[in-house]
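Results of the structural survey
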Amino acid sequence: MSKNERYWLWLQSALGEGANIRELIDEFGSAKEIYNSNILEWRMSPNLTSKQINRLEETNINSVDEIIYNCQNNNWQIIDFEDSKYPKRLKSLINPPAVLYVDGELPDIDSLAVIGVVGTRRASDYSIRVTHIMSRGVCDAGGVVVSGGALGVDTAAHKGAIMAGGKTVAVLGCGLGAGYLNQNKSLRDTIKHNGALVTEYPPFTPAGKYTFPLRNRIISGLSVGVLVVEAGVKSGSLITANYALEQGRDVFTIPASVLSLDFAGTNKLIEDGAMIATKPINLVQPYAERFDTLDLSKIKTLDEYICDYSDKSANAPEVVEPDFDTSNDDREKRLDLEKESNSLTGDLKLVYDCLDNSFSHIDLILEKTGVKPSSVISALTQLEIMGLVQSTSGKRYKKI
């Protein structure tokens, strides 16, 4: 931790996870400088909204002491933005985490070829098998696998890395100590002894369906390349792929049957230019000259990996995970939203159709639609009230 840890915790507590703090840091210099600035300076800032200013005023810096106590009591690390352990790769993001909470030991991310691996929780046998093999190969070569610690593809990715004796990082969509997916606790315990559990959410923050898409930017942000294994057209994995593209990371994908809707999103990525990976070396070869920590000679042939593969060690435990995307309630809600979105006309339809699942700044929306600003703002407000659009700080909007 740095000497200014409490100020970064205060900033995160005030603005919330995922806030666009990059421009704020560039403007003020640090969280301490933001804290020491007066309200007039905050009001003059083009990077703070009135709501954010209110939150900065209302948040008492002493409120972070409980967070520090919980982390010390559980031997969890706090890595703030100024900490030497904070990955430089994350600092380049427009909305880098002000603070990371770590259980285990975070590898030296910036000196390693980190491959993010994402895909569905309800993975096919094919996807489980290929994910395990690909992740094992990456770690055999000296790379690191980052995933989300959930079931399906995530579990196979972490297990493949561990079987190779490599390092793996699970980026969680909840706080450390939260009661999320307790049935998979043994895997997370193994991960933290072979890498780290990482999150930007304070200790004991519960998981929710909006916490997972937000954490995906960290998975891609830590990585040099992201492998999408199995994803439908509306999969959360595609959010990670979009983040990766926005962040200048490479996107890889596994070819699959064109007859399967479960892989429609994956195959669409191929159409859009994602690199195809058919064996582990495809994922690390592009970085061989960039990282002297890689040794491609240690990667086995695909046939050897297939022979070594063990269903017992690779398959995820048969447990039921809370599914925030596909529960019956959410399915009904999505159908209602789809029906409502299909009925849109005029400026509402024009503005809605130019949005996607990642946040877009209002200037980009104005450019895409060609509609006058007052009409766009009015449309966005109506769409948000209708529950079709979500806004965040910095005048950024996306579809729900």
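The text that follows walks through the structure, step by step, so that each part is easy to find. Remember, it's a predicted structure, so these values are computed and weren't measured experimentally.

Conventions and cut-offs
Residues numbered from 1 in each chain as written. Predicted model: local features only at pLDDT ≥ 70, side-chain atom pairs only at ≥ 80, totals over all residues. Heavy atoms only, no water. Helix = DSSP H or I, 4+ residues; strand = E, 2+ residues; numbered from the N terminus. Rg over C-alpha atoms; globule rule 2.2 N^0.38 Å. Buried < 20%, exposed > 50% of the residue type's maximum accessible area, 1.4 Å probe, protein only. Contact = heavy atoms within 4.5 Å. Areas by Shrake-Rupley, 256 points an atom, 1.4 Å probe, with all protein chains shown as cover. Lys, Arg positive; Asp, Glu negative; His and termini not counted. Charge placed at Lys NZ, Arg CZ, Asp CG, Glu CD. Salt bridge = Lys/Arg side-chain N within 4 Å of Asp/Glu carboxyl O. Axes fitted to C-alpha atoms, helices over the stretch in contact; angles between N-to-C directions. Parallel < 35°, antiparallel > 145°, perpendicular 65-115°, else oblique. Left-handed = near helix turned anticlockwise from the far one by under 90°. Nonpolar A, V, L, I, M, F, W, Y, C, P; charged D, E, K, R; others polar. 1 Å grid on protein atoms, 1.4 Å probe; cavity = no way out; pocket = protein on both sides within 12 Å on 5 of 7 lines; lining within 4 Å. Points joined across faces, edges and corners; volume = space filled by probe spheres on them. Phe/Tyr/Trp six-rings, centres within 6.5 Å; stacked < 30°, edge-to-face > 60°. Lys NZ or Arg CZ within 6 Å of the ring centre and 35° of its normal. Pairing = 2+ DSSP bridges. Right-handed = clockwise from strand over helix to strand, strands pointing away. Polar contact = N/O pair within 3.5 Å; in protein donor to acceptor, adjacent residues only side chain to side chain.

This brings us to the overall build of the protein. Per the secondary structure count, the protein includes 20 helices and 12 strands. The C-alpha radius of gyration of the protein comes to 21 Å, within 12% of the 21 Å expected for a compact globule of 400 residues. Overall, the protein is about 65 × 55 × 40 Å in size when its C-alpha atoms are taken along their principal axes. Across the 400 residues in the protein, those meeting the buried criterion constitute 52%. Partitioning the intrachain contacts of the protein with sequence separation of at least 6 by distance along the chain shows that 72% fall at a separation of at least 24. Looking at the protein as shown, the accessible area adds up to about 18300 Å², and 50% of this sits on carbon and sulfur atoms. Side chains of the protein give 42 positive and 52 negative charges; the mean places of these two sets differ by 1 Å.

One pass over the structure, following the stated rule, counts 11 salt bridges. The residue aspartate 189 makes a salt bridge to lysine 192 at a minimum N-O spacing of 3.7 Å. Of the two residues, aspartate 189 and lysine 192 both sit in helix α10 (residues 185–192), three residues apart, roughly one turn of that helix. According to the relative accessible area criterion, aspartate 189 is partly exposed, its value standing at 24%.

Let us look at the packing of helix α11 (residues 211–222) against helix α12 (residues 236–246). Between α11 and α12, the shortest axis-to-axis distance is 8 Å and the interhelical angle comes to 45°. One element, α11, and the other, α12, form an angle in the oblique class. Along this stretch, α11 crosses α12, giving a crossing that reads as right-handed. Of α12, the residues touching α11 (which contributes Pro213, Asn216, Arg217, Ile219 and Ser220) are Gly236, Ile239, Thr240, Tyr243 and Ala244. Residue composition of the contact of α11 with α12, grouped by class: five nonpolar, four polar and one charged.

Moving on to the environment of proline 280. Tracing the sequence through the fold places proline 280 in the loop between β9 (275–276) and α14 (281–284). For proline 280, a relative accessible area of 1% translates into the label buried. Measuring from C-alpha to C-alpha, the distance between proline 280 and isoleucine 133 comes to 7.2 Å, with 147 residues separating the pair along the chain. Other than its neighbours up to four places away in sequence, proline 280 contacts Ile133, Met134, Gly137, Val138, Ile299, Leu302 and Tyr305.

Turning our attention to empty space enclosed by the protein. Under the counting rule described, the total for this entry stands at one cavity of 30 Å³ or more. Quantified by volume, the largest cavity comes out at close to 50 Å³. Residue lining of the largest cavity: Leu11, Gln12, Leu15, Gly16, Glu17, Gly18, Ala19, Ile21, Pro96, Pro97, Ala98 and Glu200, and that is the complete set. For the lining of the largest cavity, the class distribution of residues is seven nonpolar, three polar and two charged.

Any two aromatic rings considered together are summarised by their centre-to-centre distance and by the angle between their planes. As enumerated under the stated definition, the model contains five aromatic pairs in all. Taking the centre distance of 5.0 Å and the plane angle of 85° together, the rings of tryptophan 10 and tyrosine 35 count as edge-to-face. Here the residue tryptophan 10 occupies a position in helix α1 (residues 5–15), and tyrosine 35 occupies one in helix α3 (residues 31–36), the gap between them amounting to 25 residues. It is lysine 399 that lies over the ring of tyrosine 352; its NZ or CZ is 4.5 Å from the centre.

We now examine the pairing of strand β5 (residues 167–171). Counting buried positions along β5 yields four of five residues, so the element is predominantly enclosed. Both strand β4 (residues 144–147) and β5 contribute to a ladder of four bridges, which runs parallel. Each bridged residue has a counterpart across the sheet, and for valine 145 the counterpart in β5 is threonine 168. You can see the chain leave β4, run along helix α9 (residues 153–163) and come back into β5, and the turn it takes is right-handed. Direction of pairing for β5 relative to strand β6 (residues 195–199): parallel, over a ladder of four bridges. Across the sheet, residue threonine 168 finds its bridge partner in β6, namely glycine 195.

What follows deals with α12. If you check which residues of α12 are buried, you get Ser237, Leu238, Ile239, Thr240, Ala241, Tyr243 and Ala244. Residues of α12 that are buried make contact with β3 (114–118), α11, β7 (225–228), β8 (250–253) and α13 (264–271).

A word on the side chain of glutamate 200. By the secondary structure assignment, glutamate 200 is in the loop between β6 and α11. Only 3.5 Å separates the side chain of glutamate 200 from the backbone nitrogen of glycine 18, close enough to count as a polar contact. Here the side chain of glutamate 200 touches arginine 217 through a polar contact of 2.6 Å, side chain to side chain. Among residues more than four places away in sequence, those in contact with glutamate 200 are Gln12, Glu17, Gly18, Pro97, Val99, Tyr101, Leu214, Arg217 and Ile218.

Strands in a sheet are paired, the pairing made by backbone hydrogen bonds, and the direction either parallel or antiparallel. Taken together, nine strands build an open sheet; the order of strands is β1-β2-β6-β5-β4-β3-β7-β8-β9 and the sheet is mixed. Each edge of the sheet is formed by a strand with only one pairing partner; in this case those strands are β1 (77–80) and β9. Seen against the sheet, α9 touches β3, β4 and β5 and runs at an angle of roughly 155° to β5.

Structural measurements only, silent on function.
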